[in-house]
Amino acid sequence: MERQHRIQAWLENLFPEQAIRLAPASADASFRRYFRAVLSNGDHYIVMDAPPQYEDCHSFIAIAELFGAAGANTPKVLAQDLVQGFLLLTDLGDVTYLSVLNADNAGSLYNDALDALVSIQRSSRPGVLPDYDRVLLERELRLFPEWYITRHLGVELNAQQAQTLDMVFEAILANNLAQAQVFVHRDYHSRNLMVSEPNPGVLDFQDAVYGPVTYDLASLFKDAYICWDEEIMLDWVIRYWEKARRAGLPVNADFGAFYRDFEWMGVQRHLKVLGIFARLYHRDGKTGYLKDMPLVMTYLRSACARYRELEPLLQLLDTLQGQAPESAGYTF
């Protein structure tokens, strides 16, 4: 409440002639919160509250401009107070893709999302964003044994199991690092895409990096919050691949090889997400992500069952299911 009062005072200084109504807009998995500010003249804005001891607004500002210049509909930064950690942003609305996606509109909405993604990727160049390098990719993978296996399942890996996991991680990293590199949003999914004009509005990009070309596609179509039949998803991936090739993006000319990269990138992300969801629950007390774990595990197991090199991970998951206390078993 103390920060909300400070936001109110900041807005009153920005708009001294207006009465201002401030209401929560959303929160995310970090320390950031968002408020919608509605002025008495009808104008409305979004205020990002990013406590500076925890969050750095500079990356958000820079990437909003970077992706916006590429053609994506990102919020425009209208005012800033970096000492307090406040940004005043244009309002892209309150209708997320997740809230409206259905069988009738999914094709159109995802087509718009793919066009925006291709626009971002076409603007890619090295040396602008941090590299999605081996250190970062492996750090994300290690969230799975640390937070999901040890903390969430309550299981300690023995030496052979740890060796198996290390071997699979090496195979995953080899694939990920061999992929062509582009700008990566890093959370390009239904909760961060807004139904807007132009469509979609793109949010939560502040952790963007320069990395594997399939990463954002895996985020979009192997979404932790909504699931589609595999045949439909395959069709959408083909549509992206065709758009990307026409745009001159560095996707594999062999769709089978491209799809394999997409699946293996998804495996890296699923392992990371399971670790993050477990951490959000056990460390931060955020219970809402528990219900999303089973879908992520389903994606992970399905991909592991299709590739010989990933079969040891599938066998390990089966073993862990048997070892885990009954209370944790539902996450499989």
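Just above sits the structure.
Sequence positions are assigned chain by chain, starting from 1 and proceeding in written order. Reporting of local features is limited, given that this is a predicted model, to residues whose pLDDT is at least 70; pairs of side-chain atoms are given and counted only at 80 or more, and all residues count toward the totals for whole chains, interfaces and linings. Only heavy atoms go into the side-chain values, all of them from the structure, while hydrogens and water stay out.

Strands are runs of DSSP state E lasting at least 2 residues, helices are runs of H or I lasting at least 4, and numbering of each runs from the N terminus. The number of helices and strands found in the protein is 12 helices and 9 strands. Only the C-alpha atoms count toward the radius of gyration. The rule for a globule is 2.2 Å times the residue count to the power 0.38. The C-alpha radius of gyration of the protein comes to 21 Å, within 12% of the 20 Å expected for a compact globule of 332 residues. Dimensions along the principal axes, computed over C-alpha positions, put the protein at roughly 65 × 45 × 40 Å. The buried label goes to any residue with under 20% of its type's maximum accessible area, the exposed label to any with over 50%, and the partly exposed label to all in between, with areas taken from a 1.4 Å probe on protein chains only. Evaluated residue by residue, the protein yields a buried proportion of 52% over its 332 residues. The contact definition used throughout considers only heavy atoms, calling two residues in contact when any of these lie within 4.5 Å. The contacts of the protein with a sequence gap of at least 6 include a subset with a gap of at least 24, amounting to 70%.

Before going further, it helps to spend a moment on helix H10 (residues 255–282). What a helix should span is 1.5 Å times the count of its residues minus one. Under the 1.5 Å per step criterion, the end-to-end length of H10 is 40 Å for 28 residues, consistent within 8% with the ideal 40 Å. The N-capping residue of H10, defined by a side-chain oxygen 2.9 Å from the backbone nitrogen of Gly256, is Asp254. Under this definition, polar contacts are N or O atom pairs within 3.5 Å; protein pairs additionally need one hydrogen-donor-capable and one acceptor-capable atom, and for neighbouring residues in sequence, both atoms have to be side-chain atoms.

This brings us to helix H9 (residues 230–246). Note: α-helices contain 3.6 residues per turn, so residues at a spacing of three or four share the same orientation. Taking 1.5 Å per residue as the helical rise, H9 with its 17 residues ought to reach 24 Å, and the 24 Å between its terminal C-alpha atoms agrees with that figure. Inspection of H9 places Met233, Trp236, Val237, Tyr240, Trp241, Lys243 and Ala244 among the buried residues, and these make up the whole buried set. Across the axial projection of H9, the buried residues extend over an arc of 165°, all falling on one side. More than 90 degrees from the buried face of H9, the exposed residues found are Glu231 and Arg246. Looking at the buried side of H9, the elements it contacts are helix H4 (106–122), helix H8 (215–221) and H10. Read the arc as the range of directions from the helix axis to the C-beta atoms.

The next subject is the nonpolar core. Remark: nonpolar core denotes a set of buried residues (Ala, Val, Leu, Ile, Met, Phe, Trp, Tyr, Cys) joined through side-chain atoms within 4.5 Å. Ranked by size, the top nonpolar core spans 98 residues in total, and within it Phe67, Phe221 and Tyr240 carry the most contacts. Examining the composition of this core, we find that 13 residues originate from one element, H10, more than from any other. Each residue touching Phe221, except ones within four places of it in the same chain, is listed here: Tyr110, Leu114, Met233, Trp236, Val237, Phe262 and Tyr299.

Moving on to the pattern of salt bridges. A pairing counts as a salt bridge when a side-chain nitrogen of Lys or Arg comes within 4 Å of a carboxyl oxygen of Asp or Glu. Overall, the coordinates contain 22 salt bridges when judged by the stated rule. Between Arg32 and Glu55 there is a salt bridge, with the nearest N and O atoms lying 2.7 Å from each other. You can see Arg32 sitting in the loop between strand S1 (20–27) and strand S2 (33–39) and its partner Glu55 sitting in the loop between strand S3 (44–49) and helix H2 (57–70), a full 23 residues away along the chain. Given the relative accessible area of 15%, Glu55 is considered buried. Residue Arg239 pairs with Asp235 through a salt bridge whose shortest N-O separation is 2.9 Å. Linking Arg239 with Asp235, this pair stays in helix H9, spanning 4 residues, or about one helical turn. Classification of Asp235 as partly exposed rests on a relative accessible area of 33%. Residues participating in the shared-partner salt-bridge network are Arg134, Glu138, Arg142, Asp166 and Glu170.

What follows deals with the pairing of strand S4 (residues 77–81). Here is the key point about a regular strand: its side chains alternate between the two faces of the sheet. Sheet analysis places S4 next to strand S5 (residues 86–90), joined by 4 bridges and oriented antiparallel. Among the inter-strand pairings, Asp81 is bridged to a residue of S5, identified as Phe86. Strand pairing follows a simple DSSP-based rule, namely that at least 2 bridges must link the two strands. Here S4 folds back onto S5 in antiparallel fashion, the turn holding 4 residues, of which Gly85 has a positive phi close to 85°.

Let us now look at the packing of H10 against helix H11 (residues 293–306). Only the contacting stretch of a helix is used when fitting its axis, a line to C-alpha atoms as for every element, and angles between N-to-C directions run 0 to 180 degrees. At a closest axis distance of 9 Å, the pairing of H10 and H11 adopts a crossing angle of 150°. When the interaxial angle is binned, H10 and H11 end up roughly antiparallel. Here the hand of the crossing between H10 and H11 comes out left-handed. Contacts between H10 and H11 involve Glu263, Val267, His270, Leu271, Val273, Leu274, Phe277 and Ala278 from the former and Met293, Val296, Met297, Tyr299, Leu300, Ala303 and Arg306 from the latter. Of the residues contributing to the contact of H10 with H11, the split by class is 12 nonpolar, 1 polar and 2 charged. Each angle receives one of four descriptions, namely roughly parallel if under 35 degrees, roughly antiparallel if over 145, roughly perpendicular if within 65 to 115, and oblique otherwise. Handedness of each helix crossing follows the sense of rotation of the near helix against the far helix: counterclockwise by less than a right angle gives left-handed, clockwise gives right-handed. When residues are grouped by polarity, Ala, Val, Leu, Ile, Met, Phe, Trp, Tyr, Cys and Pro land in nonpolar, Asp, Glu, Lys and Arg in charged, and all others, Gly among them, in polar.

We now examine the side chain of Asn192. For Asn192, the position within the fold is in the loop between strand S6 (181–184) and strand S7 (193–194). On the basis of relative accessible area, Asn192 is assigned to the buried category, the value being 9%. In contact with Asn192, not counting residues within four places along its chain, are His185, Asp187, Gly201, Val202, Leu203 and Asp204.

Angle between the axes and distance between the axes: these two values describe a pair of packed helices. Where H9 meets H10, the closest approach of the two axes is 11 Å, and the angle between their N-to-C directions is 115°. Our classification of the angle between H9 and H10 gives roughly perpendicular. Here the hand of the crossing between H9 and H10 comes out right-handed. Of H10, the residues touching H9 (which contributes Glu230, Met233, Leu234, Val237, Ile238, Tyr240 and Trp241) are Phe255, Phe258, Tyr259 and Phe262. Along the lines of polarity and charge, the residues of the contact of H9 with H10 split into 10 nonpolar, no polar and 1 charged.

For Arg269, the position within the fold is in helix H10. Once the C-alpha coordinates of Arg269 and Leu300 are considered, the two residues, 31 residues apart in sequence, prove to be 9.1 Å apart. Of the polar contacts made by the side chain of Arg269, one reaches the side chain of Asp187; its length is 2.9 Å.

From the geometry alone we can't say anything about function, so treat these as descriptive.
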